[in-house]
Amino acid sequence: MSLLNLFKRDATRRTTLYSGHVVSDSARCVQCGICSYNCPIEIDVRAFVWRDEAIKNSECLTCGECVIRCPRGVLRFTQTDLFERRGE
Amino acid sequence: MRYVIIGSGVAGYAAIEAIRSVDQAGEIMMISDDPHGYYSRPGLAYYLTGELQDKTLYPRTQDHYQKLKFSFLKGRVTRILRSEHALELDGKSRLNYDKLLIAVGARALPLEIPGSKLEGVVKLDHFADARNILKLAKSSRTAVVVGGGITALELTEGLLARGLKVHYLLRSDRYWSNVLDERESKMVQGRLQAEGVELHYHTELKEIIGKKNRVAAVQLKSGQTIKCDLLAYAIGIRPCLELVQDIDLNLDRGILADEHLQTNDPDIFAAGDVAQVFDPLSGRAVLDSLWNPAREQGQVAGMNMAGRKTAYLKSPPFNVTRLAGLTTTIIGAVGRGRDEDIVGIARGDSETWRDLPDALVAQNGFDINHMRLLIGEKTLIGAIVMGDQKLSWPLQKMIAGGADISSIREKLMVPEAPIADLIADFWVTWRKQAAL
C-alpha cells in the first residue's frame, strides 16, 4: 500500500468516526451483550439493538469497539443523517 | 385477566413485553425451572470462549422487570389441566390461568451409548451446562466433541479457548454437509485444523470408557481409542413435549400452532423452539430453533393473548453465526440432503435450509470471503455469506422481498462471474424501487 493510500485510508476512517454513528440490524442479534460489555463508556448498546434503534447516545465515542466485537455482524457505521429511517 | 407463560427464554420474555404494551392491568406470571430466568442462550457460546462474563448474559435488569410488572416463579409445571384452566406446580400446588403460553423450548437429544452417564459427558442447553463445562475444563486436558451444526462448533471452540486439546468426530466426510457445500465445509475444517483441532472423519462413537465414574477415554466403532477427560455432544435437539403429551393438543414434532400462534385450544398458545408453526414459504408447519423467530413468535403470541389479533408472517429463515472464527450468514434455502451428524434439527438451524430447491448454484470465493447464491427462476432462494458481511443485509432483504433478478440472472450463471459486484449493483437499483 502506497503512503498516499495509507493517508487516504486513515482520512476515511476519521471521517467515518466524526460524521458517522452506529446502526443495528436487530434480526441478527441474540442479545449476548458483547457490545455492551466492550463499550468503554458503558453504553447499553444491546438495549438499542433490541428496540431496533440506531445507537444514538450523545456520549457515544464512535470508537467502533462494539462494531468490531459483535460476533454476528449486527452493528455497522453509517453516515449521520437526521432524516434517515429507523434502524438504518 | 391472568396471563401465564411457561418458559423463560426469549419467546416468553417477548410475549410479556407484547402483553404489557396492550394490557397494563392484567397479571402476568412467568414460570420456569431454570433458576437463571431470561438470558441469552446463544450467548453461552461466547461465555465458553471467555469473550464475556456470566453476568453479561442477562439482557435485562430488575428495573426492566419491575416496569413490566410481572412475577417470576421458579418451579416446574407438572400438569396442564385444560378443563380447569389450571396448572399443577411441582406436583402439589395449583395455579389458574386465563391465557397460557407454552414456550418451554427444546433440549439436546441424549447420547445413547454405554458410558453416557459418566461425569465429564456434557451438552450445551442451559446456563448450568455452560458452568459445568467450564468447571470440568479446569481439570481436563483433552476433549472429544461429537455432533454437527453450530452447537458442536461452539463446544469445540469454547474448549479450545480454555486450553484443551480437542478431537472433533464427524460421521461423514465433511462438516455440516446438509447446509454447507463441499468447499464451505473445507473452509471451516481448514480453519479448525489451523487452530489445532484434530478432525476424525467417518467416525462413530461406540462407548465412553470411565475411570472412577469420570470420562477417561472414548472407543470408536473402528476399534480406535482416544484418551480424553471430557466428551461434549451436540447431535440435535427435540422440542420438550412431555407436558403436553396427554392433553389433546394437536402435536406433530412440536406443538402445532396457527399463524396467531394459537393451538387447537383458544386459550393456549405456543411459541419458540417448542412450536411447529405454519410456514407460508413451504406450505407446511416447521420447527425453527432460531433466536429471532422465537422472539417474533413470542411477540405475536403475546399480542393475541391480550386480544390484539396479529398474524405471524414467517420470514425466510436467516441466521448468523461464527464458524471457526468466520462470521457466516445463512439465508433462505441453501442446503441439501441430510447430515449424518445431526438427528432432527440442530440448534441455530432451520428445516427450510435443508430443502433442496429447484435452483442453480452460483458461487464466488475470495480467500476467506465467500458467497453462495441459490438462484430460482426469477428470484434468489437462498444465500450463504462467509467472511465479509457487507452483502448479507442486501441479500436478506432481496430474498425476503422476492426481488426479481431476471435482469442479472444470466450474468450470475456465467462461470467465474463476479457475483458480488453483480449483486451489489443490482441492490443499488432494487433498493430504490423497493423504497428500503
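Structural data are supplied above this passage.
Remember, it's a predicted structure, so these values are computed and weren't measured experimentally.

(A) Structural view of the interface of chain A and chain B. The interface is formed by 14 residues belonging to chain A together with 18 residues belonging to chain B. Put simply, the parts of the chain that give the side of chain A that touches chain B at least two residues each are α2 (34-38) and α3 (45-50) of chain A. The class makeup of the residues in the side of chain A that touches chain B is seven nonpolar, three polar and four charged.

(B) Focus on the pairing of strand β5 (residues 86-89) of chain B. Residues and elements named next belong to chain B. Across four bridges, strand β4 (residues 77-81) lies against β5 in antiparallel orientation. Paired with V77 across the bridge in β5 is L89. Hairpin geometry of β4 and β5 is characterised by an intervening segment of four residues between the two adjacent antiparallel strands and by a positive phi of about 50 degrees at H85. In this structure, β5 lies alongside strand β6 (residues 93-96), joined through four bridges in antiparallel fashion. Considered in β6, the bridge of A86 is made with N96. Connecting the antiparallel pair β5 and β6 is a turn made up of three residues, with D90 showing a positive phi of about 50 degrees.

(C) Representation of the sheet that holds strand β20 (residues 275-279) of chain B in the model. Residue and element names in this part refer to chain B. Here three strands make up an open sheet; going across it, the order is β18-β20-β21 and the pairing mixed. The sheet terminates laterally at β18 (255-257) and β21 (284-287), the two strands that pair on one side only. Taken over all neighbouring pairs, the strand axes of this sheet differ in orientation by 40 degrees on average, direction set aside. In this sheet, β21 lies alongside β20 in antiparallel orientation, the contact comprising four bridges. Looking at the pairing, D279 lines up with R284 of β21.

Rules used throughout
- Residues numbered from 1 in each chain as written.
- Chains lettered and ligands numbered in written order.
- Predicted model: local features only at pLDDT ≥ 70, side-chain atom pairs only at ≥ 80, totals over all residues.
- Contact = placed C-beta atoms within 7 Å.
- Helix = DSSP H or I, 4+ residues; strand = E, 2+ residues; numbered from the N terminus.
- Nonpolar A, V, L, I, M, F, W, Y, C, P; charged D, E, K, R; others polar.
- Pairing = 2+ DSSP bridges.
- Axes fitted to C-alpha atoms, helices over the stretch in contact; angles between N-to-C directions.

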